[in-house]
Amino acid sequence: MKNIIFIAPPAAGKGTQSTLLKEKYCLAHISTGDLLRKASLEENERGHYIKDCLKSGKLVSDEITLDLLTERLKQEDCKNGFILDGFPRNLDQVLAYEKLLEELQIDLGYVIFLSVPKELAEKRILGRETCPDCGAVFNDQIEGSKPKVPGICDVCGTHLTKRKDDNLETFSIRYDTYMEHTKPLIDHFEKLGVLYTVPSIDRDETFKMIEKIIKD
Ligand code: ADP
């Protein structure tokens with residue numbers, strides 16, 4: 001199975017689609033947001049710096065993000081293929097990633113752009129609940145995305161939590177950061193001939209469209 005990269009604005013459904021793909025195709029799910037949230041809990045200078053970035057909605061330095069990603073990519077479960085959720089997020093990260101792939105002899109794979117109107121992403125942010133253990137994402141405001149038991153993860157049974165950066169103020173900064181730094185990557189991947197655009201309006205419809213791409 002080829003690797004998959006999701007490029008999308010905040011709350012477009014990268015995490016949701018990654019969880020569905022991980023379950024069905026046994027791919028490793030690598031969310032740089034999750035890696036950074038975990039690293040932000042460390043009581044040291046790096047942990048405090050990451051915590052501040054996450055709280056403000058700004059990007060963490062490329063160096064730290066790449067270090068965490070490189071370490072993760074070397075783990076055994078990535079050998080069958082992996083999903084990158086939240087990386088790369090700017091052109092420097094793309095260039096560094098392309099170099100890393102060469103070193104580790106890994107294929108770029110598919111790049112899937114999940115497109116979603118800003119208003120819908122904003123609505124999703126407000127109802128989003130995340131599993132702190134397995135990273136699965138739910139939404140208590142959107143039919144079809146609610147957990148089976150309110151507040152409990154369908155996948156592993158852990159109590160769901162709300163992310164600290166899921167508020168309107170931070171969303172607006174994350175969205176602007178996406179427009180300025182991440183959206184331009186679409187052109188780059190289009191030129192390489194690896195880009196697929198999928199509207200992310202309905203979870204199951206979107207998943208079917210992604211399956212069609214990766215099975216062709
Ligand atoms: P969302 O896509 O909904 O914003 P993520 O979990 O992907 O959620 O990211 C949350 C935060 O983690 C970002 O706002 C940013 O501060 C940080 N982050 C995630 N991925 C990266 C990355 N590739 N480079 C720098 N910072 C990142």
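Residues numbered from 1 in each chain as written. Predicted model: local features only at pLDDT ≥ 70, side-chain atom pairs only at ≥ 80, totals over all residues. Heavy atoms only, no water.

Remarks on the sheet that holds strand β4 (residues 110-115)
- Spatially, the 5 strands line up as an open sheet ordered β2-β3-β1-β4-β7, and their pairing is parallel. The sheet is open, and its two borders are formed by β2 (28-31) and β7 (195-199), each paired with just one other strand. Each strand of the sheet is rotated relative to its neighbour by a mean of 20°, with strand direction disregarded.
- In this structure, strand β1 (residues 4-7) lies alongside strand β3 (residues 82-85), joined through 3 bridges in parallel fashion. (Pairing = 2+ DSSP bridges. Helix = DSSP H or I, 4+ residues; strand = E, 2+ residues; numbered from the N terminus. Axes fitted to C-alpha atoms, helices over the stretch in contact; angles between N-to-C directions.)

Considerations on the pattern of salt bridges
- Within this structure, the stated rule accounts for 13 salt bridges.
- For Glu-143, the salt bridge is made with Lys-146, and the minimal N-O distance between the two is 3.0 Å.
- A residue is classified by how much of its surface remains accessible, and Lys-146, at 38% relative accessible area, is partly exposed.
- Residue Asp-204 pairs with Arg-203 through a salt bridge whose shortest N-O separation is 3.4 Å.
- One network of salt bridges, with partners in common, ties together Arg-128, Arg-163, Asp-165, Asp-166 and Arg-174. (Salt bridge = Lys/Arg side-chain N within 4 Å of Asp/Glu carboxyl O. Buried < 20%, exposed > 50% of the residue type's maximum accessible area, 1.4 Å probe, protein only.)

Some remarks on the packing of aromatic side chains
- With the rule as written, the count across this model stands at 4 aromatic pairs.
- For the pair Tyr-110 and Tyr-196, a centre-to-centre distance of 5.8 Å together with 65° between the ring planes defines the contact as edge-to-face. Here Tyr-196 lies in strand β7 and Tyr-110 lies in strand β4, a separation of 86 residues in the sequence.
- Under the relative-accessibility criterion, Tyr-110 is labelled buried at 7%.
- Both rings, one in Phe-171 and one in Tyr-175, keep their centres 5.8 Å apart while their planes meet at 40°; by these two values the pair is tilted. Here Phe-171 pairs with Tyr-175, and both are found in helix α7 (residues 168-182), just 4 residues apart, close to one helical turn. In this pair, the class of Phe-171 matches that of Tyr-175, namely buried.
- One aromatic cluster is present, built from ring pairs that chain together Phe-171, Tyr-175 and Tyr-178.
- Above the ring of Tyr-110, the side-chain terminus of Lys-2 is found at 4.8 Å from the ring centroid. (Phe/Tyr/Trp six-rings, centres within 6.5 Å; stacked < 30°, edge-to-face > 60°. Lys NZ or Arg CZ within 6 Å of the ring centre and 35° of its normal.)

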